[in-house]
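A look at the structure
Chain by chain, the residues run as shown.
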Amino acid sequence: MSRFFVDPDIAKAKTLHTDFYTDPGIYESAKEKLFTPSWQFIGDGHTVQEPGQCQPFTLLKDYLDEPLVLTKDKDNTLHCLSNVCTHRGTLVVAEPCKVSNLRCRYHGRLFKLDGSFHSMPEFKEVENFPSPDDDLKRLPLLKWGPWLFASLQQGSAAGPYLQDMIDRVGWLPVDDFKYQPQLSKEYTVQAHWALYCENYLEGFHIPFVHAGLNAVIDFGNYTTELFTYSNLQLGIAKDEEDCFDLPASSVDYGKKVAAYYFFVFPNMMFNFYPWGLSINIVQPLSMSQCKVSFLTYVWKEELFNTGAGSNLDTVEMEDEEVVEAVQKGVRSRFYQHGRYSVTREQGTHHFHRIISSFME
């Protein structure tokens, strides 16, 4: 039986074999098998508001390390393009700018803002030129409110990753959510990226690890809902305060919802609170280290840092302590698999099942 096999019956299943966290070959192959076909958060649309604006960036620096660029063409259409010149492979856009065309500074190859080839000096004698291979590769792109998502794999559909979340909180005025860089943070965690995600995916540890969060969340009514490549943990408040004012159109109307915790495979968390949103991006750095970016978007300033969405730094420190201990434990010669709580670890089991299907 494959070492990636995870039984679909959670009552019978064992967790992923520890090779997934300790084998360098598996760590490398996950780049193409897990991350390349997935959809990734690539930033805020406000960085390219006007025609001609260009914003270069690197997708998952130090792991995928893929150079990309956001552009807005003269028709006000947004594009996510490869930032690698199709002539000799240098970077096309070095820094944020506003231009009429993209010109490679190495040999002068010119591209339109939608990535299509425009012209190239000293290439008159080249046969069968230009061809579609001379265009900058255009990536699938999705915009939701101010947030942008892209996939490195042509033909990858965004729906199985993101649509369930978009539909569930579709009543929220997400265009009113404002990025607050001064409230955003980055954490370096001494653990495999998947171990960090697994910890997020179950509320089982809340009473044992997070005393502050446990004081406001009703653990008995904490639920997990599974979708194709995402899931939702619904945090219910113990009292009437610090809850969403849900419209009658919401499927959760009548519930005391304190937080929507959405996980989008393989490495993104979207934590909606009555004050706004904390986006958490888990970026692999090595088999034993990852970086977690907390991006803060505030909707209602007067509610900030209240309820389930308060003291997030403290919660993070508590999570890091236990996850880093797991990192040490999975290297043990005495541990290969664990089992799942049928009632509390559906999210982690689901995560492992997706990994299993992609890695196979």
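Because the structure is a prediction, the values reported are computed rather than measured.

How each quantity is defined
Residues numbered from 1 in each chain as written. Predicted model: local features only at pLDDT ≥ 70, side-chain atom pairs only at ≥ 80, totals over all residues. Heavy atoms only, no water. Domains from an automatic or database assignment. Contact = heavy atoms within 4.5 Å. Buried area = accessible area lost by both parts, 1.4 Å probe. Salt bridge = Lys/Arg side-chain N within 4 Å of Asp/Glu carboxyl O. Polar contact = N/O pair within 3.5 Å; in protein donor to acceptor, adjacent residues only side chain to side chain. Helix = DSSP H or I, 4+ residues; strand = E, 2+ residues; numbered from the N terminus. Nonpolar A, V, L, I, M, F, W, Y, C, P; charged D, E, K, R; others polar. Core = buried A, V, L, I, M, F, W, Y, C linked by side-chain atoms within 4.5 Å. Buried < 20%, exposed > 50% of the residue type's maximum accessible area, 1.4 Å probe, protein only. Pairing = 2+ DSSP bridges. UniProt positions renumbered as here; feature names shortened; annotations may be inferred. Phe/Tyr/Trp six-rings, centres within 6.5 Å; stacked < 30°, edge-to-face > 60°. Axes fitted to C-alpha atoms, helices over the stretch in contact; angles between N-to-C directions.

**Overview of the domain arrangement of the protein chain**
Each assigned domain of the protein chain is listed with its residue range as follows: domain 1 (43-155) and domain 2 (160-359). Computed over C-alpha atoms, the centres of domain 1 and domain 2 are 33 Å apart. Each side of the interface is counted separately: domain 1 has eleven residues, and domain 2 has 18 residues. At the boundary of domain 1 with domain 2, total buried surface from both sides reaches about 1,300 Å², with 74% on carbon and sulfur atoms. Sorting the residues of domain 1 by area buried against domain 2 places Trp144, Trp147 and Phe149 first, and these three jointly supply 48% of that buried surface. Viewed at the interface, domain 2 and domain 1 are joined by zero salt bridges. Scanning the region where domain 1 abuts domain 2 turns up two residue pairs in polar contact (both at pLDDT 80 or more). Of all the secondary-structure elements, those providing two or more residues to the side of domain 1 that touches domain 2 are strand S9 (141-144) and strand S10 (147-151). Here the side of domain 1 that touches domain 2 is composed, by residue class, of seven nonpolar, one polar and three charged.

**Some remarks on the nonpolar core**
Phe20, Leu34, Trp147, Trp193, Tyr260, Phe270 and Phe272 are the most contacted members of the largest nonpolar core, which totals 97 residues. A domain split of this core shows at least three residues from each of domain 1 (43-155) and domain 2 (160-359). Counting residues in hydrophobic clusters, the runner-up holds eleven residues, among them Val69, Leu81, Leu102 and Cys104.

**As for the pairing of strand S13 (residues 223-226)**
As paired elements, S13 and strand S14 (residues 230-236) share four bridges and run antiparallel to each other. Paired with Thr223 across the two strands is Leu234, which belongs to S14. Hairpin geometry of S13 and S14 is characterised by an intervening segment of three residues between the two adjacent antiparallel strands.

**Concerning the UniProt feature "domain: Rieske" (unreviewed entry) in the protein chain**
In the numbering used here, UniProt assigns the feature "domain: Rieske" (unreviewed entry) to residues 52-150. What you have in residues 52-150 is 0% helix and 36% strand, and the ends, taken at the C-alpha atoms, are 20 Å apart.

**Regarding the packing of aromatic side chains**
Summed over the entire model, instances satisfying the criterion amount to 32 aromatic pairs. With centroids separated by 5.5 Å and ring planes inclined at 90°, the aromatic side chains of Phe20 and Tyr21 adopt a geometry described as edge-to-face. Neither residue differs from the other here; Phe20 and Tyr21 are each classed as buried. Both rings, one in Trp147 and one in Tyr297, keep their centres 5.5 Å apart while their planes meet at 90°; by these two values the pair is edge-to-face. Here Trp147, found in strand S10, pairs with Tyr297, found in strand S18 (residues 289-298); they are 150 residues apart in sequence, far enough to count as distant. Tyr297 gets classed as buried once you look at its relative accessible area, which sits at 2%.

**A look at the sheet that holds S9**
As summarised here, the arrangement of the three strands in space is S1-S10-S9, forming an open sheet in which the pairing is antiparallel. Each edge of the sheet is formed by a strand with only one pairing partner; in this case those strands are strand S1 (39-44) and S9. Averaged over all adjacent pairs, the angle separating strand axes in this sheet is 30°, with direction ignored. Of the pairings in the sheet, the one linking S1 to S10 comprises five bridges and is antiparallel in character. Looking at S10, one finds that Gln40 is bridged to Ala150.

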